[in-house]
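# Geometric and topological summary
As a plain string of letters, each chain reads:
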Amino acid sequence: MCAAGIFRLLVATSLVLGVGEPLAQAQDAAPAPEPHFLSSRIAPDQPARPTESAQYRETQTRLARGWNTWDVNSVTTYVRLPDGLAIHVGMKHNSTLSSTDFLANPLIGRLTKDAEIVVPGPHAWDGSYTDVQITWQGDSWSVQSATERNDLVVLVTPLQSNAGSTLPPTIVFSVNYLWNAFGSTAKHPGAIEARYRTTRDWVFCTCEKAGDLGEDRNLELPVGGPYFAADFTAPVGVGTGRRRSLDEIEAIVKRQGAAYQKSLSDRENGGSATTAEIIGAIETTLGWDTIYDPEDRRVISPITRVWSVDWGGWVLADWDNFFAATLAGVGSRDLAYANA
């Protein structure tokens, strides 16, 4: 579809869904936007950088909180803001015929040879529920995340195994702090400890139920922190805060998935099931495309993660920003304002 056709479709969608009202409110309340640019650190006579409005910084502070898929590099890395604690879900392909391989950072739409195929499922605005399916090296699995108060749980479920492989893949959960945060992580028997300034958190795994490889087993893995690893032959879960059984993790994921579906119906405003489906598609698309930019301490929705990674961080291109802002007005006034 041409750009003009896309624009007309977005305008029509915004009218159907009532996007105009929250965006109009945001525009009425917001000061005139200021230009954003990067200045050189070494060139002389650089102009002063414009001062951010207090309202914009307050909006970003509200957005950049809690667990979400904030890291642009992977759709299976779950980061907590503002401290930057991260749980990465990776998969190690094992083979007796050739060298092994490790999928550390799955992305949607990668087109390189033998790349993973990622099918994005629901993604709540606030990261309270996400669901994604991945196929790679003949194996398929789902990764679901959910929040319970301040805690995160992640459930990884095998969907299809490579019939030609005699060795099961290895599921790997690694834990570290991103973006040069003042944090550290350490492995303990059955748990990983995360320290940030004066606070301490714990990450636990149900790996012992799925063929834990043992605390003394060291794998050749390109990960940046301590990890859990297990043969991936059955569902495996990790969670923060306290130790949970696999049944407890599955129950939290199911409950938050139902809450996400109910939120779509609640926002129909008397519309049809088709309206809820459109709202869900918009929330999912923007959910997976929204990331955290640590350089400017801001939440943004670039065009795609793949483009952003290829360009070294993020890509905000011309009028696409305002499409993202218009669409975000369906359910997140703060994200709409931040993108505009």
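### Examining the environment of K92
If you trace the backbone, K92 turns up in strand β3 (residues 85-93). Measuring from C-alpha to C-alpha, the distance between K92 and P169 comes to 5.6 Å, with 77 residues separating the pair along the chain. Not counting residues up to four positions away in its chain, the partners in contact with K92 are T100, D101, F102, P169, T170 and L221. Only 2.5 Å separates the side chain of K92 from the side chain of N94, close enough to count as a polar contact.

### A closer look at the state of the cysteines
Enumeration over the complete set of coordinates arrives at one disulfide. With its sulfur 1.9 Å from that of its partner, C205 forms a disulfide with C207. An S-S torsion of about 80° defines the bridge between C205 and C207 as right-handed.

### Brief notes about the sheet that holds strand β12 (residues 199-205)
Ordered in space as β5-β6-β7-β8-β14-β12-β11-β10, the eight strands form an open sheet in which the pairing is antiparallel. Each end of this open sheet is capped by a strand with a single partner; those strands are β5 (117-123) and β10 (183-188). Pairs of neighbouring strands in the sheet enclose a mean axial angle of 15°, with direction left out of account. Pairing between β10 and strand β11 (residues 191-196): six bridges, direction antiparallel. Residue pairing for β11: T185 is matched across the bridge by A194.

### Some points on the environment of V119
Mapped onto the elements of the fold, V119 is located in strand β5. Sequence-distant contacts of V119, defined by excluding residues within four places in its chain, comprise V132 and Q133.

### Topic: helix α4 (residues 246-266)
One turn of the α-helix equals 3.6 residues, which is why residues spaced by three or four share an orientation. Look at α4: 30 Å from first C-alpha to last across 21 residues, which is about the 30 Å you get at 1.5 Å a residue. Three or more residues of α4 are buried, namely L246, I249, I252, V253, Q256, G257, Y260 and L264. Down the axis of α4, the buried side of the element spans an arc of 130°, and every buried residue falls inside it. Seen from the open side of α4, the exposed residues pointing more than 90 degrees away from its buried face are D247, K254 and K262.

### Re the packing of aromatic side chains
Inspection of the entire model under this criterion finds five aromatic pairs. Aromatic side chains Y177 and Y196 sit 6.0 Å apart centroid to centroid with 25° between the ring planes, which places their arrangement in the stacked category. One end of the pair, Y177, is in strand β9 (residues 170-177); the other, Y196, is in strand β11, with 19 residues separating them in the sequence. Ring geometry for W179 versus Y292: centroids 5.3 Å apart, planes at 50°, classification tilted. Placement of W179 in the loop between β9 and β10 and of Y292 in strand β15 (residues 291-293) is noted, with a sequence separation of 113 residues between them. Taking the relative accessible area as the measure of exposure, Y292 reaches 15% and is therefore buried. Here the guanidinium or amino end of R298 rests over the ring plane of W314, the centre of that ring lying 4.6 Å away.

### Things to note about the confidence of the model for the chain
Do not read the fine detail of predicted coordinates wherever pLDDT is low. Taken residue by residue, the chain gives an average pLDDT of 85. The fraction at 70 or more is 81%. Taken together, the stretch residues 1-30 has pLDDT below 50 and engages in 34 contacts with residues farther than four places along the chain or on a different chain.

### Side note on the nonpolar core
Generally speaking, a soluble globular protein has its nonpolar side chains buried in company with each other. Counting 33 residues, the largest nonpolar core has W141, V143, V154, V156, I171, F173 and F228 as the members making the most contacts within it. Setting aside anything within four residues of it in sequence, one finds F173 in contact with H88, V89, V156, C205, P226, Y227, F228, V236 and V238. Counting residues in each nonpolar core, the second largest holds 32 residues, with W70, A146, V153 and V299 among its members.

### Description of the side chain of N94
By secondary structure assignment, the location of N94 is in the loop between β3 and β4 (101-103). Judged by relative accessible area, which is 10%, N94 ranks as buried. Within the structure, the side chain of N94 is placed 2.8 Å from the backbone oxygen of P168, a separation counted as a polar contact. Only 3.0 Å separates the side chain of N94 from the side chain of T170, close enough to count as a polar contact.

### Remarks on the pattern of salt bridges
As enumerated under the stated definition, the model contains 14 salt bridges in all. The partner of D114 in a salt bridge is K113, and the shortest N-O contact between them spans 3.2 Å. Exposure remark for D114: the relative accessible area of 57% places this residue in the exposed category. Among the salt bridges present, the one from R200 reaches E193, with a minimum N-O distance of 3.6 Å. On the basis of relative accessible area, R200 is assigned to the partly exposed category, the value being 47%. Since its relative accessible area comes to 7%, E193 is described here as buried.

Cut-offs applied
Residues numbered from 1 in each chain as written. Predicted model: local features only at pLDDT ≥ 70, side-chain atom pairs only at ≥ 80, totals over all residues. Heavy atoms only, no water. Helix = DSSP H or I, 4+ residues; strand = E, 2+ residues; numbered from the N terminus. Contact = heavy atoms within 4.5 Å. Polar contact = N/O pair within 3.5 Å; in protein donor to acceptor, adjacent residues only side chain to side chain. Disulfide = S-S within 2.5 Å. Pairing = 2+ DSSP bridges. Axes fitted to C-alpha atoms, helices over the stretch in contact; angles between N-to-C directions. Expected span 1.5 Å × (residues − 1). Buried < 20%, exposed > 50% of the residue type's maximum accessible area, 1.4 Å probe, protein only. Arc of directions from axis to C-beta. Phe/Tyr/Trp six-rings, centres within 6.5 Å; stacked < 30°, edge-to-face > 60°. Lys NZ or Arg CZ within 6 Å of the ring centre and 35° of its normal. pLDDT = per-residue confidence, 0-100. Core = buried A, V, L, I, M, F, W, Y, C linked by side-chain atoms within 4.5 Å. Salt bridge = Lys/Arg side-chain N within 4 Å of Asp/Glu carboxyl O.

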